[in-house]
Every structure is written in structure tokens, then in C-alpha cells.
Amino acid sequence: MASDSELVIEALGRIAADPASWDALLDLLPDEDAGTTTSGGGEAAIAWAHSAALAQHRRGEGDPQAAPPEAGWIVLSDRDRVVSFNSQAAVAFETLGDLELDRPLAWTREANAVIVSAALRRVRAGERQLIVRLETGGGPRFAFAGAVGSFPLASDAEAAGALAGLVFPAVDENSRLWGVVRDSFGLTEAEVRVARLLRDGLSMQQIAERLDVSARTVRNQLQSVFAKLGVQRQSDLVRALTELAGVNRAMDSPGLGAATAGAFADAPPVLSVTLADGRTLAYREYGASAGRPVLILHGTPGSSLLPSGADARARALGLRLIAPDRPGFGLSSPAPGYSFPGVAADMVALADELGLERLAVGGAHSGAAFALHVAARLGARATLVMASSGRAPGSPPRDRNPLARMRRRMEAQPWIAEALFGIVRLRHTPQLTRRLLGKAAAHSAGDAAFLAASPWVVDYVHAYAAEALAQGSRGAAAEMQAFRTAPADAPAFACPLILWSGAEDAIIPARSFGDYVGARPAEVRVIEDIGHFMPMKHWFEILQRLAAPPPPP
């Protein structure tokens, strides 16, 4: 009989082809009571699932409007002429030479031509796949050389007489950004490397160790970068590069179209601070710079992107909203040993960096439990906690909603979470977002009506999740595991607590978070005719409540 992990891997292959079939996982993932949690095989399964998802993209199966493949491929004829290639290959080849149809590959470096020719000869002699190491002048670049039959390439490749191909790994999310920065300001490759490491949160000493150069060399290169970009301080450079990365990600995120780009239209720039351990914590600020500060914590997977109009409404209400990306989400660095106390410490460090002496904390869905931990860590500095449709740590409650049941069973097999979130990232399209939102609204007439009447919701949630998964799926997977292993009791905090929820919420029933916090809420509101989408439908009312005086403790 196949093991649980083998069944899950097989299911992930089917999911890669058609995410609409996710319900099939419920038949393959044992419930937590079955006691069959699988801990092994995670890395192999993740690699397999990502490969399967990419293969389905390239074959054109599943959603016809799915995001394009991330890997770049070049199909070569038996005379080494280019038969076809995709846009990712064109980007990957920019630093290697010239790429034109019906012509041999034109390599800038003769050594690369020799290496690839030798690899292709071996492939044509019968070897299935080889890895080739290519030089770009800015460091090595790797690619696969193999027979066309070993890659999921264009369906007409063999008819054109193609016998071999090259496949390049995906260009990382910021590579194009750094190429533009280099070309726009005349930076050298060494200066680009230093600037990039600085933006990623490394100190000058850490950069020197990473690049195996002296600290003096790093300092001189940074001074040159400052001069070329016209900035005076290290913090100004990090801020500028972080903002550019946010714009780059918004333009290049898989599946982002003109409609979704509207979700970013009035969003403030992404800012960041460097934490004591060198990690980057990214955030956005909305509203009045001198307004009442409120820390807003997102759901899972989520980011610092708030609904359109948040900036203007917060300003009108006299609020200063600080919306951070939790570790591993958006532009925030991943955190080793992801936990509720660890995240709370990061958020308090952000408040310290921004000079916030007193502040309120708000969180929706998964962010609500983090809000409680942040308030506990802040102590007397916290003026209020507002939890909207809050999800408590521990296994999700048992109910009929397919997404809640899937999450509960995924948490019983935590090693697959990263693979599943990775597939969501690879297949992320407005169509997929619409289907998932439809599943979430399956048992709430109010949610279904709100979704039908509010076309902006699909665009916003699509952009929100795309930004959340910009670095990959590890942050979301780590957070799912943290929810499963966190203590069952809520932390102790002194400020007033407000709980809002939707009466029809089948994914996170109001009673579950109420049971988690006990009898402490100073104010409870259960809103009729809406379910899990309550925080979106009543978003501006939530801001109004945050702007009003807090209830007595």
C-alpha cells in the first residue's frame, strides 16, 4: 500500500495541473486524529511539486490564463540552430550573448560556447541531462542541457528537427531590478553586489566576509554607490532600493495584470528597518504621519498591502497605520525558528525604531493572534487590541467549509505546506484567486453576495497574496507550523480588547477566538449577513472604531 507521503505527492501532481481539484486532498490527507503525521520526504516532495507545477505551465494545461513558466528554455535543432525560446530564456541569455531564431547561439565568451557544445555532444550521444556552468562576468550561471524529450518544451519541437535544448533556472525576483539599477546609474558589478547585500540587511562587516574582501573595500564601494545614486546616508540607500524592489515586484509578480495593478495604485512605498540580527523587516505607512499610531497585522498569506483607499481614509480619521510584512512574507527576511514570541519581538523592535511610545494593535484572521502577542510584549505601551475574524492557534475548528478542512488536514502533514503554497505561488492568477474566494464563501450567503457585488475583492486579494509570496512559500509554511505548535492559552496583556466577527463565518467561527481569549474582551460585535469576508466588507468601519476612544479595560 502506498504511504501517506506517496499519496500526497501524487495528489500534488494533480493539483499542479488543476488547482480546482484541491478537494481531492481531503481523501488523501488523514485527519489529525488518525495519528499518521508524516515528517520525512519534505524536500524531495517540494522539489517534485514545484517541478510538476512548472511542467504543467509549459505544456499549457490547466488554466489557459495561468502565469507563464518561470524557467527559461531554448530548443536547438540538430545543427545547433535556435528553433524556439521563451521570454525567460531571453532574459537569462542577456548576459551570455545574442539569441535569435534560426541562428546558432552567439556567445559573448568563447569558453561558454566550448562548454555548451561539449555538453550537447554528450546529450546527443545518449546522456539524458547535464548541468553546465556558464560565466557572465558577474559570477557563474547554471543551466541544464538535455534531450528535448527530457524537458516539457514546445509541442512542435521535434517536428522542427530539434534534438536538444537548454533550460535556465528562473531569474530571481530582483535580478532585473539590479540590472536596471546598474545600467541606470553606471554601477559596477561589484558595487551592485554590495548594494544588494546592504539592502538585504547585512552590515558592512558581514558583506566583507560574504564577498571575502576587506571592510575598507566595502566602504569604498558603498561611497561610490552613494555618489552615483545621489544619496548621503546608508539608511537613505536602503530605503531607495527597498522602494524600487517593491515597484519591481508589483510589475513582475506572476499573474499581475492591469486590473490587479490597480490594487497598488494608491499604496504607499515599502519601507524597511534592519533588526538587531541583521534581518530586514519591511512595512508600509498609511494615513497621517502625526496621527494616532496603529500596528496592522495581516492574515496568511498576506502582506503590508491594505485595501485601496486606506491611506486617504486613515488620514481623514487622524490615524497612522503601520502595516508590516511578517518574517518571510513580502520583503521581510525569513526568521529562523518562526514563532509567536519571535514575531512579537520583531514588531516591538519596529515600534521602537519608529519611536512609537503608545500604540494600538489590530489584526485580521491569522494576524489577530499575533496582535495579542504583540500587545503582551508591548505591555503598558499598548492602548488597544482589535481582532477581526481572529483565528486562534491550534488546529482549525471542525466544520463543513472545504478550505478549513483542508487546512486542518494539511497541518497534520506539515511538510507539504511549503509545496502547496509554492504551487499557489506558481499558479497564482486572478482566476485561481476567484475560485479560492468562491470556496471560502461556500457556506456563507453573505460572503457570496459581497463577493458578487464587489469585483475589487478579487483584484485586491490577488495582489495581496502575490506580494505575500514574492520571496517564496517558506514564510507561509513556517507560520502554519507555528499555529499548530503554539501554546493553547492566549498571552496576558493589560489593554482593552475588541472582537469583531461575521455571524456566518464557517472558516473561523466567532466562538473559536472568543474561547481562546476567554472572558476578557471589553467589546464584542458579531455582524450579521457576512462571514469570513467581514474584515474586507467592514474595513472602513474597523478604521473608524480604531480612531474612536478605546473602551474601558
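Residues numbered from 1 in each chain as written. Predicted model: local features only at pLDDT ≥ 70, side-chain atom pairs only at ≥ 80, totals over all residues. Heavy atoms only, no water.

Colleague: Please give an account of unusual backbone geometry that cites residues and values.
Modeller: Following T300, the chain continues into P301 via a peptide bond in cis, with omega recorded as -10°. If you trace the backbone, P301 turns up in the loop between strand 10 (292-297) and helix 12 (310-317). Located in the positive-phi region is H365, a residue other than glycine, with phi close to 55°. By the secondary structure assignment, H365 is in the loop between strand 12 (359-364) and helix 14 (366-378). A positive phi angle is found at S389, which is not glycine, with a value near 50°. With respect to the secondary-structure elements, S389 resides in the loop between strand 13 (382-388) and helix 15 (402-412). When its relative accessible area of 1% is taken as the criterion, S389 is described as buried. (Helix = DSSP H or I, 4+ residues; strand = E, 2+ residues; numbered from the N terminus. Buried < 20%, exposed > 50% of the residue type's maximum accessible area, 1.4 Å probe, protein only.)

Colleague: Lay out the pairing of strand 14 (residues 497-502) with the relevant residues and their values.
Modeller: Burial of strand 14 is extensive: 6 of the 6 residues sit out of reach of the surface. Neither face of strand 14 is left uncovered, since the one carrying L497, L499 and S501 and the one carrying I498, W500 and G502 both have all their residues buried. Bridge analysis of strand 13 against strand 14 gives 4 bridges, and the strand direction is parallel. By the bridge assignment for strand 14, A387 is matched with L499. Bridge analysis of strand 14 against strand 15 (residues 523-527) gives 5 bridges, and the strand direction is parallel. Opposite I498, over in strand 15, you have E523 as the bridge partner. (Pairing = 2+ DSSP bridges.)

Colleague: With reference to specific residues and values, describe the packing of aromatic side chains.
Modeller: Enumeration over the complete set of coordinates arrives at 10 aromatic pairs. Look at F93 and W107: their rings are 4.9 Å apart centre to centre, the planes differ by 55°, and that puts the pair in the tilted class. With F93 in helix 4 (residues 87-93) and W107 in strand 4 (residues 106-107), this pair connects stretches of sequence that are 14 residues apart. Of the residues examined, F93 reaches a relative accessible area of 1% and is grouped as buried. Where F513 meets Y516, the ring centres are 5.6 Å apart and the plane angle is 55°; that geometry is what we call tilted. With F513 and Y516 both in helix 21 (residues 510-517) and 3 residues apart, this pair spans about one turn of that helix. (Phe/Tyr/Trp six-rings, centres within 6.5 Å; stacked < 30°, edge-to-face > 60°.)

Colleague: Could you give an account of helix 20 (residues 474-485), with specific residues and numbers?
Modeller: Three or four residues apart is the spacing at which side chains of an α-helix point the same way, because the helix has 3.6 residues per turn. The first and last C-alpha atoms of helix 20 sit 17 Å apart over 12 residues, in line with the 16 Å expected at 1.5 Å per residue. Along helix 20, the residues classified as buried are G475, A476, A477, E479, M480, A482 and F483. (Expected span 1.5 Å × (residues − 1).)

Colleague: Report on the nonpolar core, specifying residues and quantitative values.
Modeller: Formed by 49 residues in total, the largest nonpolar core has its most connected members in L295, L297, L350, L372, V374 and F513. No other element matches helix 14, which puts 8 residues into this core. Not counting the four nearest positions on each side in its chain, L295 is found in contact with I322, P324, M347, L350, L359, A360, V361, G362 and V374. Listed in part, the 38 residues of the second largest apolar core include L321, A441, A463 and M536. (Core = buried A, V, L, I, M, F, W, Y, C linked by side-chain atoms within 4.5 Å. Contact = heavy atoms within 4.5 Å.)

Colleague: Give me the packing of helix 8 (residues 204-211) against helix 9 (residues 215-229): which residues, what numbers.
Modeller: Between helix 8 and helix 9, the least distance of the axes is 8 Å, while the angle of their chain directions is 110°. In terms of orientation, helix 8 lies roughly perpendicular with respect to helix 9. Crossing of helix 8 over helix 9 shows right-handed handedness. Contacts from M204, Q205, I207 and A208 in helix 8 reach A215, V218, R219 and L222 in helix 9. Tallied by class, the residues present in the contact of helix 8 with helix 9 amount to 6 nonpolar, 1 polar and 1 charged. (Axes fitted to C-alpha atoms, helices over the stretch in contact; angles between N-to-C directions. Parallel < 35°, antiparallel > 145°, perpendicular 65-115°, else oblique. Left-handed = near helix turned anticlockwise from the far one by under 90°. Nonpolar A, V, L, I, M, F, W, Y, C, P; charged D, E, K, R; others polar.)

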